[in-house]
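Summary of structural features
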Amino acid sequence: MTGGTSVLLLVLLLVPLVGAALVAPIKEQTTAKWVAVAVSVVELALVVITWLAYSVPAAQNGARFQLEFAVDWIPAFGTRFALGIDGFALVMLAITAVLVPIVMAFSWAEKLPEGRTQSGFYALILATEGLLVGVFAATDVFLFYVFFEAMLIPMYFLIGRFGGPRRQYAAVKFFLYSLLGGLIMLASVIGLFVVSGRELGQGTFTWVELQKMAASLPESTQIWLFLGFFVAFAIKAPLVPFHTWLPDAGAEAPVGAGVLLVGILDKVGTFGFLRYCLPLFPLASQKLAPLVLTLAIIGILYGGLLAVGQTDMKRFVAYTSIAHFGFIALGIFAFSTQAFSGSVLYMVNHGVSTGMLFLVVGLVIARGGSRLVGDYGGVHKVAPLLAGAFLVAGLSSLALPGTNSFVSEFLVLLGSFPRQPVFSILATVGIILAALYVLWMYQRTMQGPLRGSAVLAALGGGRGDGPGTMIDPAVAAERGATGFPDLSKREIGVLTPLIVLILVLGFFPGPVLDVINPTAAATMTEVGLTDPVGGVSR
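Residues numbered from 1 in each chain as written. Predicted model: local features only at pLDDT ≥ 70, side-chain atom pairs only at ≥ 80, totals over all residues. Heavy atoms only, no water.

What follows deals with the packing of helix 13 (residues 267-280) against helix 16 (residues 337-368). Two elements in contact, helix 13 and helix 16, have axes whose closest approach is 10 Å; the angle formed by their N-to-C orientations is 160°. The orientation of helix 13 relative to helix 16 falls into the category roughly antiparallel. As for the relative orientation of helix 13 and helix 16, their crossing is left-handed in sense. On the side of helix 13, the interface is formed by Lys267, Thr270, Phe271, Leu274 and Leu278, while helix 16 contributes Phe340, Val344, Met347, His350 and Gly351. Taken together, the residues of the contact of helix 13 with helix 16 break down into six nonpolar, three polar and one charged. (Axes fitted to C-alpha atoms, helices over the stretch in contact; angles between N-to-C directions. Helix = DSSP H or I, 4+ residues; strand = E, 2+ residues; numbered from the N terminus. Parallel < 35°, antiparallel > 145°, perpendicular 65-115°, else oblique. Left-handed = near helix turned anticlockwise from the far one by under 90°. Contact = heavy atoms within 4.5 Å. Nonpolar A, V, L, I, M, F, W, Y, C, P; charged D, E, K, R; others polar.)

So this is what it looks like as structure tokens:
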């Protein structure tokens, strides 16, 4: 279905939210987990149906949104409960639906802080998924803002109630940064409504109507409205210097929530650049592009250098994400269809690669009880499958040819060079840094002789709470006299789909690019610039 009204997206939105409400009060924890997993699998099946229902030819012929659903919400303010998807939204819905059941399967045997329940944890995961669907599918700007702010709530509780030793600090910091950005964006949302009333004769929040008036808005007006959206999205992405919440939140979040945080929630920022900043404020986007590109390059280099020096494995993953988001922002503000497509594919691939890296780091921490790099060494001798999974995730993160990230990184650089050669050349330094921080982390923790207090204590049955060990209460109970085991069957089952995606998207990205490309071309038209590349390569 390409036009008319469809309830498919509404169902896609409601299933995880209703599931969260059903799971939360269940007292029998195993039952709660099974119900939550079942809901996530149903959601995945619905996304598959949505993918099949989406028409690429219709998108190529100018259908901006498909599977639309809209009802009046607050008529006095011109607000509608309007849902619809384009190629960008569809692939983000897909990666969300894939990661959630994987996160649930990973967290099945995870020890939670005292007084916390699995039903509460899984309900919050489902609530996060449902609100993310709303963020990606909303075609009313005010509705998007509501979902953008609401998704902070379950993630705040996931970090604050189920996280590590400094979880309260990290949760409050995450919430305040995001809330501040959202309030600044609200000012621009209101301003956009007022301006639309002047330009169109009646105020509206409908994306399609607002985009039609974009070209007629004065550049000065666009700049002020753009900045409100940009700050909120730059915090969420996060771009330097708005990034400081991520290392703390990523380090203290439980592993499952951390995967959703770095794998999906952060993409809301870069998705917002493409959906709102560029099409609604094209002149401002072009005017301020050099500033954004400078921040992107700083992020690539700064994130890479700090990742090299990290001693905390969770913070290491967070800083690699900051570097990767620099590449995504580079592609977005280079203004070419090839760079747009590369950035969106990068968003998908980063969710797979960094999601897997975060899971593997979580498995290492669960066995040793410490987040510190210096507490591990020679893990490949006792857990070769775990070390191999770490290597696969790391090679994908550094964009080795044949892995998924290589395709997207190559498209970003190739699409950015014609219009931004200097920034593209500077960005290539980030490729060298990625190889350095990934391989050095692997060498320090996985290679060499058995060493490190966490590994030796686990093998010896002691607790090893020496001065160099940072014990995470959420996982410390999993240690003891069990040794340092290799991957279990459940853990292999959790990681296998991600490994398959890394290889399949590395060699066969065409089906995903086919969905992305028409929306990239439409966005290029809305920006009002000539495509310097002249097409998107498969």
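Having seen it, we continue.
The next subject is the side chain of Asp312. The topology assignment puts Asp312 in the loop between helix 14 (282-308) and helix 15 (313-332). In this structure Asp312 comes out as buried when scored by relative accessible area, which is 3%. (Buried < 20%, exposed > 50% of the residue type's maximum accessible area, 1.4 Å probe, protein only.)

Once that is clear, we can look at the environment of Gly351. Along the chain, Gly351 turns up in helix 16. Classification of Gly351 by relative accessible area gives buried; the value is 0%. Taking the C-alpha atoms as reference points, Gly351 and Lys267, separated by 84 residues in sequence, lie 8.6 Å from one another. Look past the residues within four positions of Gly351 in its chain and what remains in contact with it is Leu99, Gly263 and Lys267.

Along helix 12 (residues 255-265), eleven of the eleven residues are buried, which leaves the element largely enclosed by surrounding structure. Every buried residue of helix 12 is listed here: Val255, Gly256, Ala257, Gly258, Val259, Leu260, Leu261, Val262, Gly263, Ile264 and Leu265.

For the rest of this paragraph, the subject is the pattern of salt bridges. Scanning the model with the defined rule gives twelve salt bridges in all. With a closest N to O distance of 3.5 Å, Asp72 and Arg80 form a salt bridge. Residue Asp72 is classed as exposed on the basis of its relative accessible area, which comes to 56%. The partner of Glu199 in a salt bridge is Arg198, with the nearest N and O atoms 3.8 Å apart. The exposure class assigned to Arg198 is exposed, which follows from its relative accessible area of 55%. Here the salt bridges do not stand alone but share partners, grouping Arg64, Asp86, Arg275 and Glu526 into one network. (Salt bridge = Lys/Arg side-chain N within 4 Å of Asp/Glu carboxyl O.)

Ranked by internal contacts, the top residues of the largest apolar core, which has 191 residues, are Phe136, Phe229 and Phe333. Considering each element in turn, this core owes the most residues, 16 residues, to helix 16. Apart from residues lying up to four places away in sequence, Phe229 is in contact with Val141, Met185, Ser188, Val189, Leu192, Tyr276, Cys277 and Phe281. (Core = buried A, V, L, I, M, F, W, Y, C linked by side-chain atoms within 4.5 Å.)

Let us now look at the packing of helix 14 against helix 20 (residues 421-446). Between helix 14 and helix 20, the least distance of the axes is 8 Å, while the angle of their chain directions is 20°. The orientation of helix 14 relative to helix 20 falls into the category roughly parallel. Taken as a pair, helix 14 and helix 20 cross one another with a handedness that is left-handed. Residues Pro290, Leu293, Thr294, Ile297, Ile300, Leu301, Gly304, Leu305, Ala307 and Val308 of helix 14 lie in contact with helix 20, whose contacting residues are Phe423, Leu426, Ala427, Val429, Gly430, Leu433, Leu436, Tyr437, Trp440 and Arg444. Of the residues belonging to the contact of helix 14 with helix 20, the class tally is 16 nonpolar, three polar and one charged.

Here we take up helix 19 (residues 404-416). Counted at 1.5 Å a residue, the expected span for helix 19 with its 13 residues is 18 Å, and the 19 Å between its end C-alpha atoms agrees. Listed as buried for helix 19 are Asn404, Ser405, Val407, Ser408, Glu409, Leu411, Val412, Leu413, Gly415 and Ser416. Considering only its buried residues, helix 19 is in contact with helix 15, helix 16, helix 18 (384-397), helix 20, helix 23 (489-507) and helix 24 (510-527). (Expected span 1.5 Å × (residues − 1).)

What follows deals with unusual backbone geometry. The amide bond that connects Ala237 to the next residue, Pro238, takes the cis arrangement and shows omega of -5°. Along the chain, the position of Pro238 falls in the loop between helix 10 (219-236) and helix 11 (245-252). A cis amide bond links Val240 with the next residue in sequence, Pro241, at an omega value of 10°. You can see Pro241 is positioned in the loop between helix 10 and helix 11.

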